[in-house]
2 protein chains.
Amino acid sequence: MSRERLIVIGGDAGGMSAASQARRRRGSDDLEIIAVERGAHTSYSACGLPYLVGGAVKAAEDLVARTPQEFERDHDIRVWLWHEATEIDVDKRVVRVRDLAGGTERVEPYDHLMIATGAEPVRPDLPGADAAGIFGVQTLDDGIVLDSYIGETKPRRAVVVGGGYIGLEMAEAMVERGIAVTLVEASPQPMDKGLDPDMGALVAEAIERIGVELRSGERVTAFEAGDDGVVRAVVTDRSRYPADLVVLGLGVRPRARLAREAGIAVGESGGIVVDRRMRTSAEGVWAAGDVVESVHRISGLPVNIALGTHANKQGRVAGINIGGGYATFPGVIGTAVTKICGIQVARTGLSSREAARAGFEIVTAAVKSTTRAGYYPGATWMTTKIIAERRSGRLLGAQIVGEEGAAKRVDVLAVAAWNGMTVEEMTGLDLGYAPPYSPVWDPVLIAARKAAEQVAAADG
Amino acid sequence: MSRERLIVIGGDAGGMSAASQARRRRGSDDLEIIAVERGAHTSYSACGLPYLVGGAVKAAEDLVARTPQEFERDHDIRVWLWHEATEIDVDKRVVRVRDLAGGTERVEPYDHLMIATGAEPVRPDLPGADAAGIFGVQTLDDGIVLDSYIGETKPRRAVVVGGGYIGLEMAEAMVERGIAVTLVEASPQPMDKGLDPDMGALVAEAIERIGVELRSGERVTAFEAGDDGVVRAVVTDRSRYPADLVVLGLGVRPRARLAREAGIAVGESGGIVVDRRMRTSAEGVWAAGDVVESVHRISGLPVNIALGTHANKQGRVAGINIGGGYATFPGVIGTAVTKICGIQVARTGLSSREAARAGFEIVTAAVKSTTRAGYYPGATWMTTKIIAERRSGRLLGAQIVGEEGAAKRVDVLAVAAWNGMTVEEMTGLDLGYAPPYSPVWDPVLIAARKAAEQVAAADG
């Protein structure tokens, strides 16, 4: 059998995990591997960008897990930097590739094609949105550009548009750089997509505490630029905020145009449809990462969740299958954690609103408890909220906000939800207890108990 | 119906949780509740004693969750302090109670009896073991006595006998009090009962790092006392260690004599046998806490595990049932966490040796990984070990040792084991990821992946 060829489009987590796994199973004699990357970097941590901009991480290179040189040297994976895939022909099994530096195009044949084009920041279709000084932050190159823009122009006032994870993390990063920040969010409170309103309110308090001017429930209507073409203010339906710098935190959407134009099935979430082995609708074409849609194990609905952890897992699954092995991706349950303004914010499963949208009737219980035994030095507070199905009592989701121990504690709830546990069953869980780490009744157990009482009361 | 009477023997977690829950469901007109307590305190945190002795917790009262006065005032539960139950007649349904202050005895009738007598430290049957200055630490009164002994006699050299949780925590506490500490442990490494040898070795390094002289594999043969009757040295099969103070950390055993003498069934673990509702073999007699034996959900074997978290849960279950409700205790899986010498130590399920003893053939995988994204400031190391059943790949147990994030991370593994997950399934878990809290592949996922590879290799 002659040597086959795998072309990977996109050199970050999903694509390069697939490439590495395929190489582990098939040597260079058997499989040629080429990665096509629009930018200058491979396998970097996009989640680390706020820490680069904020200054906690000193150099952009620190965010790179593996360089193109390492892929070439250690795995015989060739990386074409500054190259963009512009067209796929799934019948002829070829990709059109443009050399962004030279401007030339060529057509490259493949046996296996891996689409890992990631996500792109949502840019609002508003007057002035193309002004200079307005940044989306998605790739490492985006982060480097923003970082040096701040260093060179020394902005005094920034407006962040959108109060999701990225918006909040970027707001904090800019406060750390000494910039006065206004955050404009159209919803009634930040993190409106991920958290219930009562939990989002805790996040709002935290960001105001570090001096961010929070403008919730306001909608941006335009951006104003000066004669130099640089943004100078953000206009909303209620006010106008002067700004030397604007960061967009309006979320991301799958960069699926290339696949759609090739006739590859794209789902209602906007992500490429894949089966459990990460195969797309086209023969020999695979996909992974922010560009695909996944099954939410609790709602059963297709979702697109842009997170490095999924991209790595999915890329690994695709690579094992391309390499002739067998692996499947089991779906997601919406776990996400972040650190914002000194507090930890975590969620898993469905929020109250997502649960309602999926057709569930729910009961909820929220408890405030100490993070350590009350007498142990340094104990602070955390709030744990549980969302359970009415009647069945099945755990549907959970959210935790607190000063310590919140982020990874949500994993306990994630595993419980993954296994379809009821809140009643959860009350008996054998969780670790020692005074430095939790009260004798872990917050998760107290919340489960309260939720179980709610379930009984609702239908008792 | 005339008023019934519940007598609770033992005023700590198990007993008082039961009393409180029974009261929630049955008013004072319907149920009289009396708690018989040998000491001076109710509902305290025995797990907090090392922090009292070490000085992190300033006052013994800080460890008390609820005082006798609060029980009387808020719940109409009478507490007889300094009273000891000396005999139970399960046919006549009476308890003989001795007033330890006055020396008198009386016989008290009950309708429901709750046995929550806890555990007692194992005292070695060795020459000189009754010398003054040799302490077991189990009750709050024990802790107070040791604390003031240290304050008054200002010991310079202490020997801790036994390298389990309590021994290690007490060794560290005495180092914090400025005392030179030698720890003598008969096993090859500390925490031999809870941890595999490779993981115990990490704990040994940590305690030596803070200056504890660790003598593993040595057996104590005698204690020497001076003419004043106070201990002055500990003799082992290899050496002799001068000591002004000795703390016993040889573990505890159920204080089940009272129940056994009453003809109540006691299991091979030494704990009182109870059913799922915490009923003993005698009509109307219940038990909870360190004195009972529980079913280990993974081995299926009866075990006695002395931990406040079980005592609280079991007491609550007993109290709900005594109060006319319905609740069951689902068993344990051996989760335990502690903080020792700046490191976090955690385990759940079965150790390799326990698994072998229960008849399992196993594969194991241990991984060393960073506690945060490698580039995130403050990232340190943790080691995660997984024990899985051969062929089935079912998660049987796990251990984590690390500088941060180890203790409560084991809860993720505890919930996975609780639900009978295989390591292969676990590789897909949707765990939280953000750079301050974990690498993009959580250590739990990496360990599960390695274990899954071991399972495949062993029978592939």
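Small disclaimer: the values here were computed from a predicted structure and weren't measured. Per-chain numbering applies: the sequence of each chain, read as written, is numbered from 1 onward. To read the labels, note that chains go from A and ligands from 1, taken in the order they are written. Restriction of local features to residues with pLDDT of at least 70 applies here, the model being predicted, together with a cutoff of 80 or more for giving and counting side-chain atom pairs; totals for whole chains, interfaces and linings are based on all residues. Note that the side-chain values use all heavy atoms of the structure and ignore hydrogens as well as water.

Turning to the overall build of chain A, a few remarks are in order. The way it works is that DSSP assigns letters per residue, a run of H or I at least four long becomes a helix, a run of E at least two long becomes a strand, and they are numbered from the N terminus. Counting its regular elements, chain A contains 12 helices and 25 strands. Compactness check: chain A gives a C-alpha radius of gyration of 23 Å against a globular reference of 23 Å for 460 residues, within 12% of the reference. For chain A, the spread of C-alpha atoms along the three principal axes comes to 65 × 60 × 40 Å. Here a residue-residue contact requires only that any non-hydrogen atoms of the pair lie within 4.5 Å. Considering only contacts within chain A whose residues lie at least 6 apart along the sequence, 63% involve residues at least 24 apart. Per element, the accessible surface of chain A, about 17600 Å² overall, is 47% carbon and sulfur. Lys and Arg are tallied as positive, Asp and Glu as negative. Neither His nor the chain termini are counted. Note on charges: their place is set at NZ of Lys, CZ of Arg, CG of Asp or CD of Glu. Within chain A, one finds 52 positive and 61 negative side-chain charges whose respective centroids are separated by 2 Å. Here the globule rule is a power law, 2.2 Å times the number of residues to the power 0.38, and the radius of gyration is based on C-alpha atoms. The protein chains shown are the only cover counted for residues, whose accessible areas, like all others here, come from Shrake-Rupley with a 1.4 Å probe.

Alignment of the copies relies on least squares applied to C-alpha atoms, considering only residues that score at least 70 for pLDDT in both. At an RMSD of 0.0 Å, chain B and chain A line up after a rotation of 180 degrees and a shift of 0.0 Å along the axis. As the rotation angle and translation indicate, the two copies are arranged about a two-fold axis. Within chain B, Val412 of chain B has its C-alpha nearest the rotation axis, a separation of 2.4 Å. Both copies contact each other with a shared surface, as 100% of the interface residues of chain B are interface residues in chain A too.

The rule for a salt bridge is simple: a side-chain nitrogen of Lys or Arg has to be within 4 Å of a carboxyl oxygen of Asp or Glu. All chains considered together, the criterion is met by 56 salt bridges over all chains. Linking Glu354 of chain A and Arg347 of chain A is a salt bridge whose minimum nitrogen-to-oxygen distance equals 2.9 Å. With a 1.4 Å probe rolled over the protein chains alone, any residue whose accessible area is under 20% of its type maximum counts as buried; one over 50% counts as exposed, and the rest are partly exposed. Taking the relative accessible area as the measure of exposure, Glu354 of chain A reaches 25% and is therefore partly exposed. Relative accessible area serves as the criterion here: at 5%, Arg347 of chain A is assigned to the buried category. With its nearest N and O atoms 2.6 Å apart, the salt bridge here joins Asp442 of chain A to Lys408 of chain B.

Right, let's talk about the interface of chain B and chain A for a bit. Accessible area lost during the coming together of the parts is what is often quoted as the interface size. Contact with chain B, which involves 57 residues of that partner, is made by 57 residues of chain A. As used here, buried area is the combined drop in accessible area, with a 1.4 Å probe, of two parts when they are placed together. Summing both partners gives a buried area of about 5000 Å² for chain B against chain A, and 63% of it is carried by carbon and sulfur. Of all residues in chain B, Tyr375, Asp430 and Tyr437 of chain B give up the largest surface area on contact with chain A, accounting jointly for 16% of the area buried on that side. For the pair chain B and chain A, the number of links is two salt bridges.

The next point concerns the UniProt feature "domain: FAD/NAD(P)-binding" (unreviewed entry) in chain A. Annotation from UniProt places "domain: FAD/NAD(P)-binding" (unreviewed entry) at residues 5-315 of chain A. As annotated, residues 5-315 of chain A has a helix share of 25% and a strand share of 28%, and its two end C-alpha atoms lie 17 Å apart. UniProt positions are given in the numbering used here, feature names are shortened, and annotations may be inferred rather than shown by experiment.

What follows deals with helix 8 (residues 308-322) of chain B. Residue and element names in this part refer to chain B. For helix 8, built from 15 residues, the straight-helix expectation of 21 Å at 1.5 Å per residue is met to within 8% by its first-to-last C-alpha distance of 21 Å. Burial runs high along helix 8: 15 of the 15 residues are buried. Of the residues one or two after helix 8, Gly324 is the one with positive phi, at around 95 degrees. What a helix is expected to span follows from its residue count: subtract one and scale by 1.5 Å.

On to the domain arrangement of chain A. Residue and element names in this part refer to chain A. Source of the domain bounds: an automatic or database domain assignment. Entries for chain A in the domain assignment read domain 1 (4-120 + 253-322), domain 2 (123-250) and domain 3 (336-459). If you average the C-alpha positions of domain 1 and of domain 2, the two centres end up 29 Å apart. The partner domain 2 presents 16 residues to the 17 residues of domain 1 that form the contact. The contact between domain 1 and domain 2 buries some 1400 Å² in all, and 64% of this surface belongs to carbon and sulfur atoms. Taken as a group, Leu49, Pro50 and Val53 account for 41% of the area that domain 1 buries against domain 2, more than any other trio of residues on that side. Where domain 1 touches domain 2, the interface holds zero salt bridges. We call two N or O atoms a polar contact when they sit within 3.5 Å, provided that within protein one can donate a hydrogen and the other can accept it, with sequence-adjacent residues counted only if both atoms are side-chain atoms. Connecting domain 1 to domain 2 are three residue pairs in polar contact (both at pLDDT 80 or more). Here the side of domain 1 that touches domain 2 gets six residues from one element, more than from any other, and that element is helix 2 (residues 49-54).

Take the sheet that holds strand 22 (residues 343-349) of chain A next. Residues and elements named next belong to chain A. With antiparallel pairing, five strands are arranged side by side in an open sheet as 21-22-25-24-23. Both edges of this open sheet fall to strand 21 (336-340) and strand 23 (362-370), since each of them pairs with a single strand only. Each neighbouring strand pair of the sheet contributes to a mean axis angle of 10 degrees, computed without reference to strand direction. As judged from the six bridges shared by strand 22 and strand 25 (residues 395-402), these two strands associate in the antiparallel manner. Paired with Ala346 across the two strands is Ile400, which belongs to strand 25. Every angle, taken between N-to-C directions, lies between 0 and 180 degrees, and every axis is a line fitted to C-alpha atoms, over only the stretch in contact when it is a helix. Taken strand by strand, helix 10 (residues 410-418) contacts strand 21, strand 22, strand 24 (381-389) and strand 25, and its axis lies near 180 degrees from that of strand 25. Criterion used throughout: strands pair if DSSP finds at least two bridges between them.

Residue and element names in this part refer to chain A. Sulfur atoms of two cysteines make up a disulfide when they are within 2.5 Å. In this structure the tally under the stated criterion is zero disulfides over all chains. Free cysteine: Cys341, not disulfide-bonded; nearest cysteine sulfur from Cys47 at 18 Å. A relative accessible area of 10% places Cys341 in the buried class.

So, on to the packing of helix 10 of chain A against helix 10 (residues 410-418) of chain B. Axis separation between helix 10 of chain A and helix 10 of chain B bottoms out at 8 Å; the angle between their running directions is 15 degrees. As judged from the angle between their axes, helix 10 of chain A and helix 10 of chain B are roughly parallel. Taken as a pair, helix 10 of chain A and helix 10 of chain B cross one another with a handedness that is right-handed. Of helix 10 of chain B, the residues touching helix 10 of chain A (which contributes Asp411, Val412, Val415 and Ala416 of chain A) are Asp411, Val412, Val415 and Ala416 of chain B. For the contact of helix 10 of chain A with helix 10 of chain B, the per-class residue count stands at six nonpolar, no polar and two charged. Here is the rule for angles: anything less than 35 degrees is roughly parallel, anything more than 145 is roughly antiparallel, 65 through 115 is roughly perpendicular, and the remaining ranges are oblique. By the definition used in this description, the sense in which the near helix is turned from the far one sets the handedness, with an anticlockwise turn below a right angle giving left-handed and a clockwise turn giving right-handed. Note on residue classes: Ala, Val, Leu, Ile, Met, Phe, Trp, Tyr, Cys and Pro are nonpolar, Asp, Glu, Lys and Arg are charged, and everything else, Gly too, is polar.

Following the UniProt record, the feature "domain: Pyridine nucleotide-disulphide oxidoreductase dimerisation" (unreviewed entry) maps to residues 337-439 of chain A here. Between the end C-alpha atoms of residues 337-439 of chain A the distance is 22 Å, and the span holds 18% helix and 36% strand.

Residues and elements named next belong to chain A. Of note in this structure, Met278 is not a glycine but carries a positive phi near 75 degrees. Within the fold, Met278 resides in the loop between helix 7 (257-261) and strand 18 (285-287). With relative accessibility at 1%, the residue Met278 sits in the buried group.

Take the sheet that holds strand 4 (residues 83-89) of chain B next. Residue and element names in this part refer to chain B. Across the sheet, which stays open at both edges, the three strands sit in the order 4-5-6 with antiparallel pairing between neighbours. Every interior strand has two partners, whereas the edge strands, strand 4 and strand 6 (105-109), have only one. With strand direction ignored, the average angle separating the axes of adjacent strands in the sheet is 30 degrees. In the sheet, strand 4 pairs with strand 5 (residues 94-99) via six bridges, with the strands oriented antiparallel. The partner of Asp89 across the bridge, within strand 5, is Val94.

Here we take up the packing of aromatic side chains. Two aromatic rings, drawn from Phe, Tyr or Trp (for Trp, its six-membered ring), form a pair once their centres lie within 6.5 Å of each other, and the interplanar angle then sorts them: stacked below 30 degrees, edge-to-face above 60, tilted otherwise. Following the criterion strictly, the structure yields four aromatic pairs over all chains and no others. Directly above the ring of Trp418 of chain A sits Arg297 of chain A, whose terminal nitrogen or CZ lies 3.8 Å from the centroid. Lying over the aromatic face of Trp441 of chain B, Arg449 of chain B brings its terminal NZ or CZ to 4.5 Å of the ring centre. Here, over-ring charges are defined by two tests on the NZ atom of lysine or the CZ atom of arginine: distance to the ring centre within 6 Å, and angle to the ring normal within 35 degrees.

Once that is clear, we can look at the packing of helix 1 (residues 13-25) of chain B against helix 8 of chain B. All names here are of chain B. Direction vectors running N to C along helix 1 and helix 8 enclose 30 degrees, while the axes themselves pass 7 Å from each other. Crossing hand, helix 1 versus helix 8: right-handed. Contacts between helix 1 and helix 8 pair Ala13, Gly14, Ser17, Ala18, Gln21, Ala22 and Arg25 from the former with Ala311, Asn312, Gly315, Arg316, Ala318, Gly319, Ile320 and Ile322 from the latter. Here the residues of the contact of helix 1 with helix 8 sort into seven nonpolar, six polar and two charged.

Another aspect to go through is the environment of Arg93 of chain A. Residues and elements named next belong to chain A. For Arg93, the location among the structural elements is in the loop between strand 4 (83-89) and strand 5 (94-99). Taking the C-alpha atoms as reference points, Arg93 and Glu425, separated by 332 residues in sequence, lie 52 Å from one another. If we skip the residues at most four places from it in the chain, Arg93 touches Glu108, Pro109, Tyr110, Asp111, Glu283 and Gly284.

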